[in-house]
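# Working through the structure, step by step
Residue-level listing of the chains:
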Amino acid sequence: MTDPWRPATDGNGSARPPTLTGLPTPNKRGRPRSTGPHACDRCHQQVAKIRLHWPDGAICGACFTDATHTYGTCPHCREHRMLPGRSPGREPICRDCAGITTALTCTRCHREAERFRTGLCIRCALTDDLTTVLAPGDDLRLHRLIKVLTGTQRPESVYTYMRPGTPARTLLDAIGARELALTHEAFDRLPRSNAAEHLRALLVHHHMMPTRGDETLARFEHWLAARIAALPEDGTAHLIERFATWHHLQRIRAKAAEPDTDLEAATGAAKQEITEAGKLLIWLRAHHHATAQELRQLHIDDYLSDGPSTRKHIRAFIRWLDHDQDRRTGALQVPFRNAHSTPMITQSQRLELLRNCLEHRQVTRSTRLAGLILLLWAHPLNKIVLLRREHLTVTPHGMLLTLGTTPAAIPEALTEVFWQHLHNPENQNTVNTGTQWLFPGIRAGRHLHPNTLSGRLKVLGIDAQRARNATLRDLTQEVDARTLIDLLGYGPGVIAQHAARAATPMSDYIDLKRQQPQ
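Summarised in this report is the structure supplied together with it. (Residues numbered from 1 in each chain as written. Predicted model: local features only at pLDDT ≥ 70, side-chain atom pairs only at ≥ 80, totals over all residues. Heavy atoms only, no water.)

Right, let's talk about the pattern of salt bridges for a bit. Within the structure shown, the criterion is met by 21 salt bridges. Put simply, Arg200 and Asp188 hold a salt bridge, and the shortest N to O gap is 2.9 Å. Within this pair, whereas Arg200 is found in helix H8 (residues 194–205), its partner Asp188 is found in helix H7 (residues 184–188), the two being separated by 12 residues in sequence. Residues joined by salt bridges that share partners form a network here, namely Glu79, Arg81, Arg95, Asp96 and Glu112. (Salt bridge = Lys/Arg side-chain N within 4 Å of Asp/Glu carboxyl O. Helix = DSSP H or I, 4+ residues; strand = E, 2+ residues; numbered from the N terminus.)

With 49 residues, the main nonpolar core has Ile373, Trp377, Leu401, Phe418, Phe439 and Ile462 as its most contacted residues. Among the elements of the structure, helix H14 (347–359), helix H15 (365–377), helix H16 (381–384), strand S10 (398–401), helix H17 (415–423), helix H18 (450–457), helix H19 (464–478) and helix H20 (481–488) are those that each provide at least two residues to this core. Here this core gets 8 residues from one element, more than from any other, and that element is H15. Excluding residues within four positions of it along the chain, Ile462 makes contact with Leu353, Cys357, Gly371, Leu374, Leu375, Leu457 and Ala467. Leu231, Leu281, Ala292 and Tyr303 belong to the second largest nonpolar core, which has 33 residues in total. (Core = buried A, V, L, I, M, F, W, Y, C linked by side-chain atoms within 4.5 Å. Buried < 20%, exposed > 50% of the residue type's maximum accessible area, 1.4 Å probe, protein only. Contact = heavy atoms within 4.5 Å.)

What follows concerns the packing of H14 against H15. At a closest axis distance of 8 Å, the pairing of H14 and H15 adopts a crossing angle of 155°. In terms of orientation, H14 lies roughly antiparallel with respect to H15. With respect to the hand of their crossing, H14 and H15 are arranged in left-handed fashion. For the pair H14 and H15, contact is made by Arg350, Leu353, Leu354, Asn356, Cys357 and Leu358 and by Arg368, Gly371, Leu372, Leu375 and Leu376, respectively. For the contact of H14 with H15, the class distribution of residues is 7 nonpolar, 2 polar and 2 charged. (Axes fitted to C-alpha atoms, helices over the stretch in contact; angles between N-to-C directions. Parallel < 35°, antiparallel > 145°, perpendicular 65-115°, else oblique. Left-handed = near helix turned anticlockwise from the far one by under 90°. Nonpolar A, V, L, I, M, F, W, Y, C, P; charged D, E, K, R; others polar.)

Attention now goes to the pairing of S10. Strand direction decides the pairing type here: strand S9 (residues 392–395) and S10, joined by 4 bridges, are antiparallel. When the bridges of S10 are listed, Thr393 appears paired with Leu400. Where S9 folds back onto S10 in an antiparallel hairpin, the turn is made up of 2 residues. By the bridge criterion, 2 bridges tie S10 to strand S11 (residues 408–409) in an arrangement that is antiparallel. Looking at S11, one finds that Leu401 is bridged to Ala408. (Pairing = 2+ DSSP bridges.)

Shown next, in the form of structure tokens:
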């Protein structure tokens, strides 16, 4: 078998340089640079304007910003401070050692920083702006909100976030005018928006608003109430409310009580089934002047034959209706859509994707780490995003990753990636600080969304479903089923299914099949 940890080579045995051939290039963030007649001596690009001249040459605006945001220990004087200068060897050095005389100290806090406005650094200027907008007075929560927003690693992003006219600024203005209380009830009355949910998550994460259990469950309950209220009062709303409560809400609430459970997939599926069930009942009255008690198989066949494929999601509702004691309709059937194939990649493609995760450092480390977990242990994306820092442990014998009941040993060649991510997690530059998620999301206190992670993995050429199927196929051929169940946290039925697809002769395969739900 090809060694996945050995650098790829060409035909002569020389190391092949990493490439992203055929893969989409990650988009550069920020405004594109404008070109012009001037040459910057730092980045050596043609720019429209030179910001200033320092001892090492002409400096453009982008290089000036980058220089004034570089902090560390000066290799010459050994002081820890801003390192805007460059030595003859191009290493960052402090102002004094570089001979830079530009004023780069805030006149209020006296911190070394780029002067943002009237001699103030961005943090002090932002503090003034937020104080004007929020008018905190004696409200300790608002003082805390100002401290949280100005204390981020990138206060410039908060300044952009609260510019006049933005949805976030509108919310902050309402809080400052005391028109929006810091309560969940007040936020629930707002039109649904990303800005409101981001601010709510920030307030909850930093203890300025109380938690109310699982936020996904709360949003689902709010959606359900609005959905039922929009249905006709001819019996449709009442029946859909009963279906949603007993078939979905009860189960989702039970899931929410379990630790480390992601409800996004469950609530998403529930919303679709509830919506489609309501559409069916409305169609039944409009086209056949019939109620749910009068529903027959010919109605279902007619409904499924003339409409979009999403209509197949009435299956759960029909099964519930068929077994409901008050509305027994007989044996109604909705065909279940079975997958006719199992998409997967080849072993050589899987090894190439592993190399991509190791070598392509222009892709964010969290994305490469998630790709490694998927390609090595077939952990599904909705569970990868639920991993916490505590799932990674360091022992005298190496690093361990806990996915099931038995921790899995991380190959020595990968420990550097895991170690760096554990001690320097991403997405904590703004307001998602202090989180224990291994893959923090943009929203405060939340983990990364599985769909977001799926899109990021595509930059590495990884199709999550194909990669997971291929990994499970290979693992069932190499490791016995019971060990896989303990290592990966999968149920016996899943492992037995993939073992059967791989035609794996296992001594315990028959026992596993017996454990599958019938």
